Amino acid sequence: MKLSFETLQKEFKRVLIARHVKPDVADECATMFAQTTESGVYSHGVNRFPRFIQQLDQGDIHPDAVAKKILSLGAIEQWDAQRSIGNLTAKKMMDRAISLASDHGIGLVALRNANHWMRGGSYGWQAAEKGYIGICWTNSIAVMPPWGAKECRIGTNPLIVAIPGSPITMVDMSMSMFSYGMLEVNRLAGRELPVDGGFDDNGQLTREPGVIEKNRRILPMGYWKGSGLSIVLDMIATLLSDGASVAEVTEDNSDEYGISQIFIAIEVDRLIDGATRDAKLRRIMDYVTTAERNNPDEAVRLPGHEFTRLLAENRRNGITVDDSVWAKIQAL
Ligand SMILES: NC(=O)C1=CN([C@@H]2O[C@H](COP(=O)(O)OP(=O)(O)OC[C@H]3O[C@@H](n4cnc5c(N)ncnc54)[C@H](OP(=O)(O)O)[C@@H]3O)[C@@H](O)[C@H]2O)C=CC1
Ligand SMILES: O=C(O)C(=O)C(=O)[C@H](O)[C@@H](O)CO
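Source: prediction; values computed, not measured. (Residues numbered from 1 in each chain as written. Chains lettered and ligands numbered in written order. Predicted model: local features only at pLDDT ≥ 70, side-chain atom pairs only at ≥ 80, totals over all residues. Heavy atoms only, no water.)

Enquirer: Explain the packing of helix H1 (residues 5-18) against helix H2 (residues 23-38) residue by residue, including any values.
Expert: Two elements in contact, H1 and H2, have axes whose closest approach is 8 Å; the angle formed by their N-to-C orientations is 140°. One element, H1, and the other, H2, form an angle in the oblique class. Here the hand of the crossing between H1 and H2 comes out right-handed. Of H2, the residues touching H1 (which contributes Phe5, Leu8, Gln9, Phe12, Lys13, Leu16 and Ile17) are Pro23, Ala26, Asp27, Cys29, Ala30, Thr31, Phe33, Ala34, Gln35, Thr37 and Glu38. Split by residue class, the contact of H1 with H2 holds eleven nonpolar, four polar and three charged. (Axes fitted to C-alpha atoms, helices over the stretch in contact; angles between N-to-C directions. Helix = DSSP H or I, 4+ residues; strand = E, 2+ residues; numbered from the N terminus. Parallel < 35°, antiparallel > 145°, perpendicular 65-115°, else oblique. Left-handed = near helix turned anticlockwise from the far one by under 90°. Contact = heavy atoms within 4.5 Å. Nonpolar A, V, L, I, M, F, W, Y, C, P; charged D, E, K, R; others polar.)

Enquirer: Outline the domain arrangement of the chain, listing residues and values.
Expert: Splitting the chain by domain gives domain 1 (64-176 + 221-271) and domain 2 (177-219). When each unit is reduced to the centre of its C-alpha atoms, the spacing between domain 1 and domain 2 is 25 Å. Between domain 1 and domain 2, the contact holds twelve residues from the first and eight residues from the second. Together, the buried faces of domain 1 and domain 2 total about 820 Å²; carbon and sulfur atoms form 67% of this surface. Three residues, Val143, Lys150 and Ser176, lead the burial of domain 1 against domain 2; their summed loss comes to 45% of the area buried on that side. For the pair domain 1 and domain 2, the number of links is zero salt bridges. Here domain 1 and domain 2 share two residue pairs in polar contact (both at pLDDT 80 or more) between them. By residue class, the composition of the side of domain 1 that touches domain 2 is eight nonpolar, three polar and one charged. (Domains from an automatic or database assignment. Buried area = accessible area lost by both parts, 1.4 Å probe. Salt bridge = Lys/Arg side-chain N within 4 Å of Asp/Glu carboxyl O. Polar contact = N/O pair within 3.5 Å; in protein donor to acceptor, adjacent residues only side chain to side chain.)

Enquirer: So what's going on with the UniProt feature "binding site: NAD(+)" (unreviewed entry) in the chain? Which residues, and what values?
Expert: As annotated in UniProt, the feature "binding site: NAD(+)" (unreviewed entry) corresponds to Ile168, Thr169, Met170, Val171, Asp172, Met173, Ser174, Trp224, Lys225, Gly304, His305 and Glu306 in the numbering used here. The named residues occupy 139 residues along the chain; their greatest pairwise C-alpha distance, 29.4 Å, places them well apart from one another. From the list above, the largest cavity is lined by Thr169. Take Gly304: its relative accessible area is 7%, and that puts it in the buried class. When neighbours within four sequence positions are excluded, Gly304 is seen to be in contact with Trp125, Ile168 and Met170. By secondary structure assignment, the location of Glu306 is in the loop between helix H10 (274-289) and helix H11 (307-317). (UniProt positions renumbered as here; feature names shortened; annotations may be inferred. 1 Å grid on protein atoms, 1.4 Å probe; cavity = no way out; pocket = protein on both sides within 12 Å on 5 of 7 lines; lining within 4 Å. Buried < 20%, exposed > 50% of the residue type's maximum accessible area, 1.4 Å probe, protein only.)

Pasting the structure below:
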């Protein structure tokens, strides 16, 4: 079905208000979920809303809590999210990193005790829209086997790098070959994965999303490389926030909460003048996109460059929502 932004926002807000979330908090949180969906990231917008509500109902998320600053070291700050709503707090933390960067050239906020932030790209994009390079990542509960193992011991720990420019270029990627959210999107559409996404129960590589969602033998992106990157991202987030690692979240908590996140903003414009910046970015983009195509019908593109078109299309034609997902939300 196709739904409007307003219908989505109103329904998310209704569900939140029914759970006694304060109206202004419910409004902002619902808006962020609707914006993520409208941007085309269905996996971590409308599709993930029921799971978010499950965690709210379980008491993992504290809707009245507000993040508090623990310490300040000039360009670096450490904050405690106090288990507040993940997307709202992440937005505030990237704003804080931007403000530090406007004073120091670079700003880094390390956050502990946080909740799932949904679409990590929202916060990179937020920095890039204001002219800053945005870099952020989060850890998670253990949902991926390290390279060489069968058992989940590492996080999908997505890393986001956003570059201001026209258009914004942004990588927003799970440390697994596919996020669980993208496995769900493919399963709901009845599609096989375009490349291997994990191992089946017999240890053979598989493209069946449902099999991997169940056995959790998901492949790290770039095999051992994604496995290693997931581990060091977890280490940095844990150390700088003095927060919980993937091991601690998995072994000490009853579900995925109390995680650790990093938000970095870098001011570009004091290091390079605007015209030179634009020319250098244009040369990179042109050099990449004019590479001889593997398939003549498929353009070579840069990450993040589709969002403006997707957003415009969704605004014009309505947002595609899976019927079963919408029925679940209406029943909440
Ligand atoms: N614990 C958490 O918080 C987690 C959150 N997530 C979130 O899930 C969402 C989806 O993540 P994931 O499934 O890894 O994302 P995808 O695998 O869909 O995309 C990963 C990156 O690859 C880029 N890309 C994909 N195809 C191409 C192409 N043909 N050419 C160039 N670039 C390409 C994407 O750009 P483009 O966007 O332009 O397609 C994106 O930057 C993210 O928002 C992520 O933050 C994921 C895992 C855990
Ligand atoms: O992979 C995802 O998608 C995601 O958003 C995650 O947070 C984790 O991988 C996991 O919590 C999914 O169960």
